[in-house]
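What follows is the residue order along each chain.
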Amino acid sequence: MTTRSTTATPSDTSRGSASAPGSASVELAIGGMTCASCAARIEKKLNRMDGVEATVNYATEKAKVTYRDDDVSVQDLISTVEATGYTAQPPPPPETRQGTPGTDEAESEPDDGLTALRQRLITSLVLSVPVIAMAMIPALQFDNWQWLSLTLAAPVVVYAGWPFHRAAWTNLNHGAATMDTLISVGTSAAFLWSVWALFFGTAGMTGMTHPFELTIARTDGAGNIYLEAAAGVTAFILAGRWFEARSKRKAGAALRALMELGAKEVTLLRDGREVTVPTAELQVGDRFVVRPGEKIATDGTVVEGTSAVDASMLTGESVPVEVAAGDTVTGATINAGGRLVVEATRIGSDTQLARMARLVEDAQNGKAAAQRLADRISAVFVPIVIALALGTLGFWLGSGAGLTAAFTAAVAVLIIACPCALGLATPTALMVGTGRGAQLGILIKGPEVLETTRRVDTIVLDKTGTVTTGKMTLLAVHTAEGSDENDVLRLAGAIEHSSEHPIAQAVAAGAVERLGGATLPTPESFANVPGLGVQGVVDGHALLVGREKLLAEWEIRLPESLARAKAEAESAGRTAITVAWDGEARAVLEVADAVKETSAEAIERLRALGLTPILLTGDNRAVAEAVAAEVGIDAEQVYAEVMPEDKVDVVKRLQAEGRSVAMVGDGVNDAAALAQADLGLAMGTGTDAAIEAGDLTLVRGDLRAAADAIRLARRTLSTIRTNLFWAFAYNVGALPLAAAGLLNPMIAGAAMAFSSVFVVGNSLRLRGFKGA
């Protein structure tokens, strides 16, 4: 099931580039959105413009817009967004946008309002706790306690709750109602009624108390204050927004992590001298030196030297690629062998690394933000509550109950509808669930991740570093008749230990391990044969270790048993290394990326969750099918020799078949596919780019954690849904009492407290979650 698709050119995904004749695309930074419905409203307004196609992502706070540049300008798009009640920022100029790999873009990141939100949250918590305590505990109600409550609650409602009031006003101007509307109306009604009762009613009199009475009786409300409801709701909801904002802030970190992979400095060859300069100064045609162990600064062509290049992070190839003069190399890959001189062919935003960054960005922008359940319910709940409050006011006025009683009942409807527990429903379950997950090596990024886990039916697994260890390992030793395995290991390990090649290092490490940690002898002479292997003298033996062609150059042929072993190893996708000394072939060594011991068990657990496992790799098909057979994945579920761009296409194709796809990966080459998948699970032992692009991070390098992560996420989602049900059920159940004018403030307070305690208690049950 090998996949080969056309690779997107840089212009296909670049921001602000023409996507078709007469059209252009631009990415705008959107400000002022408070919920997913805000994004939908902006998207709707933009799409009403002639020749405009827009996608607005609430999670990343970006709008990706394609427009006809002869009819519409970027300023027209910005004006439309601003007319909708939000802010929009144009993209930065090209010289600042097209950063080179290795530049630190995080320092110039805007604060995105998180500091201001934290200040409002701290203010609300500090001031609202004593207000709630005084209202709920009669023993704390000293003379004139109500005036201290007013003094403390006012900054909470006005300053800390300002974002809700501002959003409610914006929504009102556009004929919409969201949770912000309900929060603003409810807290404002509670606060303003309390002010009226204090100044014009009897609530401000010295000695006024809120007795703890669970009785249902009609009251005119002139002696009641609801400051604890106004302050408490504001604090609870702000806490929820804080946790949401923290997870949202990481949405762009995948791109920064990708760019950080690049080399920060490069050694240029100028007039025969080596000069070290920042990578940003590289130009196409420049020649630069890459020493062993260094990152290749940018895409280019080798003009001098031979080496092995570790490109596993970008391509998924577990075996380092041999390169020589005339071969192409990719920026951010690592020179694992000799000295290279490379001529730069692509720089900055044209490199493969930058193109992969755009793939991640496009995948993130194309993945619609999850419409939270609370917002969906509030879209219906909020208008109904407001209509019920107005209806209650009209009914009591019409029945002759009096203005005070009518307003008391109407305000009671708004207060009881204001969902105190709703502010805790998601963040408490998420905090407990993520805390328990962290103990098990699972990091959940945010609440929007959870709904996806319930629908996932297919899980795509990267091979290198996910199902396998990601490093070359000596797996088997086949000796010729008359040769001793320990002699082979001792001599081959000794000569390979002098080489920097990753395969040679795997042989040396495997030899030491199999010999019980014995010290290997020091070669008397050593020479690297580029592209073929190594040769030298160890303990007086003339030794050759490498490809069969190296032995052939010395007219040494493999006996039938070793030739058969070599063919079987290669058919299984392993690297076969021949060993000869004193003119005779002695052994064949098998080296490969070893399968993790827990991978087969992990596949069984994933199947038990109803998921179909699929193996996806950039490695060759023989290697992929051998690994799949070892862990229990069917051959028809193997996608091999897949480039990074093609991995995204494979995920898209599976989604087009109606599947909900989870993706597990660890390398840079997986980052775009992780972002495209419905659920991305990144191995914590992998690169930062993969971790930031994923929705869930598996801290351990154990694939079994993927099954635990999906189980925990599903359990956390179930807890959140239960919390939301009870948070709304209490409101719905109490609304008829409020509308009937029978709502005692202590009953309302007790009901709010009970619903909050229930939500917290239900969330704490997640602490008992255990991994399989």
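The residue count restarts for each chain, going from 1 along the sequence in the order it is written. Restriction of local features to residues with pLDDT of at least 70 applies here, the model being predicted, together with a cutoff of 80 or more for giving and counting side-chain atom pairs; totals for whole chains, interfaces and linings are based on all residues. Only heavy atoms go into the side-chain values, all of them from the structure, while hydrogens and water stay out.

Threshold: UniProt positions are given in the numbering used here, feature names are shortened, and annotations may be inferred rather than shown by experiment.
An unreviewed UniProt entry lists the protein chain under the name Cation-transporting P-type ATPase B, with Streptomyces nanshensis as the source organism. As its UniProt record puts it under Catalytic activity (unreviewed entry), the protein chain is described as follows: "ATP + H2O = ADP + phosphate + H(+)". For the protein chain, the Sequence similarities (unreviewed entry) comment in UniProt is given as "Belongs to the cation transport ATPase (P-type) (TC 3.A.3) family. Type IB subfamily."

### Some details on the nonpolar core
This is how it is decided: Nonpolar cores were defined as sets of buried Ala, Val, Leu, Ile, Met, Phe, Trp, Tyr and Cys residues, with membership established by side-chain atoms within 4.5 Å. Type-normalised accessible area, obtained with a 1.4 Å probe on protein chains alone, sets the label of each residue: buried when under 20%, exposed when over 50%, and partly exposed for intermediate values. Put simply, DSSP H or I for four residues or longer makes a helix, DSSP E for two residues or longer makes a strand, and each gets a number counted from the N terminus. Any two residues whose heavy atoms approach within 4.5 Å are treated as being in contact.
If you look at the biggest cluster of nonpolar residues, it comprises 50 residues, and the most contacted ones within it are Ile225, Leu227, Phe381, Val385, Val413 and Leu735. For this core, the secondary structure elements donating two or more residues are α5 (114-136), α6 (145-160), α8 (179-199), α9 (227-249), α13 (373-398), α14 (403-417) and α27 (704-739). Residues contacting Leu227, with those up to four places away along its chain left out, are Val131, Gln146, Ser149, Leu150, Ala153, Phe191, Ser194 and Leu198. Core analysis: the next-biggest nonpolar cluster, separate from the first, contains 47 residues, Ile603, Leu615, Ala707 and Ala713 among them.

### Looking at α6
Filter applied, for reference: To estimate how far a helix should reach, multiply one less than its number of residues by 1.5 Å. One axis fitted to the seven residues ending at a residue, another fitted to the seven starting there: the angle between these axes is the bend at that residue.
In a regular helix each residue adds 1.5 Å, so 16 residues correspond to 22 Å; α6 covers 22 Å between its end C-alpha atoms and thus fits that length. Approximately 30° is the largest bend angle found in α6, and it occurs at Ala153, with the proline Pro155 only one to four residues beyond. All of the buried residues in α6 are Trp145, Gln146, Ser149, Leu150, Leu152, Ala153, Val156, Val157 and Ala160.

### Re the packing of helix α22 (residues 599-608) against α27
Heads up, the rule is: Interaxial angles span 0 to 180 degrees and are taken between N-to-C directions of axes, which are lines fitted to C-alpha atoms, for helices over the stretch in contact. Angle categories are assigned with fixed cut-offs, so that under 35 degrees is roughly parallel, over 145 is roughly antiparallel, 65 to 115 is roughly perpendicular, and the rest are oblique. Classes in brief: Ala, Val, Leu, Ile, Met, Phe, Trp, Tyr, Cys and Pro nonpolar; Asp, Glu, Lys and Arg charged; the others, Gly included, polar.
Two numbers describe how α22 lies on α27: the axes approach to 7 Å, and their chain directions differ by 25°. If you check the angle between α22 and α27, you find them roughly parallel. Residue-level inspection shows Glu601, Ala602, Arg605 and Leu606 of α22 in contact with α27, the latter providing Arg704, Ala706, Ala707, Asp708 and Ile710. Split into classes, the residues belonging to the contact of α22 with α27 amount to five nonpolar, no polar and four charged.

### Here's the deal with the pairing of strand β3 (residues 62-68)
Heads up, the condition is: Only strands that DSSP links by at least two bridges are regarded as paired with each other.
The two faces of β3 differ: Ala63, Val65 and Tyr67 on one face are buried, but Lys62, Lys64, Thr66 and Arg68 on the other face are not. As defined by bridge partners, strand β1 (residues 23-31) adjoins β3 across seven bridges and the pair is classed as antiparallel. If you follow Glu27 over to β3, its bridge partner there is Lys64. Two elements, strand β2 (residues 53-57) and β3, share five bridges in a ladder whose sense is antiparallel. Note that in β3 the partner of Ala54 across the bridge is Val65.

### What to know about the sheet that holds strand β16 (residues 468-479)
Across the sheet, which stays open at both edges, the six strands sit in the order β16-β21-β20-β19-β18-β17 with antiparallel pairing between neighbours. Each edge of the open sheet carries a strand with a single partner, namely β16 and β17 (525-529). Going from strand to strand, the sheet's axes swing by 20° on average, the running direction of each strand aside. Direction of pairing for strand β18 (residues 533-538) relative to strand β19 (residues 541-546): antiparallel, over a ladder of six bridges. Within β19, the residue paired with Val534 across the bridge is Val545. Sheet contacts for helix α19 (residues 502-514): β16, β20 (575-581) and β21 (584-595); angle to β16, the most-contacted strand, approximately 65°. Where helix α21 (residues 560-571) meets the sheet, its contacts fall on β16, β20 and β21, and the angle it forms with β21 comes to roughly 15°.

### What about the sheet that holds strand β4 (residues 87-89)?
Read from one edge to the other, the open sheet built from four strands follows the order β2-β3-β1-β4, with strand pairing classed as antiparallel. Two strands in the sheet have a free side with no partner beyond their single neighbour: β2 and β4. On average, each strand axis in the sheet is inclined to that of its neighbour by 30°, with strand direction left out of account. Alignment of β1 against β4, held across three bridges, turns out to be antiparallel. Residue pairing for β4: Ile30 is matched across the bridge by Ala88. The strands that helix α3 (residues 74-83) touches are β1, β3 and β4; relative to β1, the one it contacts most, it runs at about 35°.

### A word on the packing of α5 against α6
Definition in use: Throughout, a crossing is termed right-handed when the near helix is turned clockwise from the far one, and left-handed when it is turned anticlockwise from it by less than a right angle.
Two elements in contact, α5 and α6, have axes separated by 9 Å at closest approach and are oriented at 155°. On the basis of the axis angle, α5 is roughly antiparallel to α6. Once α5 is placed against α6, the crossing between them reads as left-handed. Packed against α5, whose contacting residues are Gln119, Arg120, Thr123, Ser124, Leu127, Ser128, Pro130, Val131, Met134 and Ala135, the element α6 presents Trp145, Leu148, Ser149, Leu152, Ala153, Pro155, Val156, Tyr159 and Ala160 at the interface. Residue classes in the contact of α5 with α6 are distributed as 13 nonpolar, five polar and one charged.

### Regarding the pattern of salt bridges
For clarity, the cut-off: Salt bridges are defined by distance alone: a side-chain nitrogen of Lys or Arg within 4 Å of a carboxyl oxygen of Asp or Glu.
Evaluated as defined, the whole model comprises 22 salt bridges. Glu601 is the salt-bridge partner of Arg605, the closest N and O atoms lying 2.7 Å from each other. Of the two residues, Arg605 and Glu601 are both situated in helix α22; the distance of four residues between them amounts to about one turn of the helix. Looking at Arg605, the relative accessible area reads 18%, which means it is buried. Put simply, Glu274, Arg291, Glu304 and Arg339 are held in one network by salt bridges that share partners.

### Points about the UniProt feature "transmembrane region" (unreviewed entry) in the protein chain
According to UniProt, the "transmembrane region" (unreviewed entry) feature falls on residues 121-139, 145-162, 182-205, 225-243, 377-397, 403-426, 724-740 and 746-764. Between the C-alpha atoms that bound residues 145-162 the distance is 25 Å, and the span itself is 94% helix and 0% strand. Secondary structure content for residues 182-205 is 75% helix and 0% strand, and the end C-alpha separation is 31 Å.

### Notes on helix α23 (residues 621-631)
Note the following rule: By construction, the arc corresponds to the directions joining the helix axis to the C-beta atoms.
Those residues of α23 that fall on the buried side of the exposure criterion are Val623, Ala624, Val627, Ala628 and Val631. Looking straight down α23, one finds that the buried residues subtend no more than 130° of arc, so they occupy a single side. Exposed and facing more than 90 degrees away from the buried side of α23 are Ala629 and Glu630. On the buried face of α23, the contacting elements are α17 (463-467), β16, β21, α22, β22 (612-616) and β23 (638-639).

### Focus on the packing of aromatic side chains
Counted only if it meets this: Put simply, two rings from Phe, Tyr or Trp (the six-membered ring, in Trp's case) pair if the centres are within 6.5 Å, and we call them stacked under 30 degrees between planes, edge-to-face over 60, tilted for the rest. Criterion for a charge above a ring: Arg CZ or Lys NZ at most 6 Å from the ring centre, at most 35 degrees from the ring normal.
Across all of its chains, the model carries three aromatic pairs by this definition. Consider the rings of Trp147 and Phe199, whose centres lie 5.2 Å apart with planes at 80°: the pair is edge-to-face. Of this pair, Trp147 sits in helix α6 while Phe199 is found in helix α8, placing the two residues 52 residues apart along the sequence. Overall, Phe199 belongs to the exposed group, its relative accessible area being 52%. For the cation-ring pair, Arg120 lies above Tyr159, with the distance from its terminal atom to the ring centre recorded as 4.8 Å.

### A short note on the environment of Glu82
As for its position among the elements, Glu82 is in helix α3. Once the C-alpha coordinates of Glu82 and Ile30 are considered, the two residues, 52 residues apart in sequence, prove to be 9.5 Å apart. Discounting chain neighbours no more than four positions away, the residues touching Glu82 are Thr87 and Ala88.

### Quick notes on the environment of Arg607
Here Arg607 shows up in helix α22. Taking the C-alpha atoms as reference, Arg607 lies 9.2 Å from Ala707; in sequence the two are 100 residues apart. Sequence-distant contacts of Arg607, defined by excluding residues within four places in its chain, comprise Pro613, Gly632, Ile633 and Asp634.

### Quick word on the side chain of Thr234
Mapped onto the secondary structure, Thr234 falls in helix α9. Taking the relative accessible area as the measure of exposure, Thr234 reaches 1% and is therefore buried. Dropping the residues within four chain positions of it, Thr234 is found in contact with Val156, Ala160, Gly161, Phe164 and Thr187.

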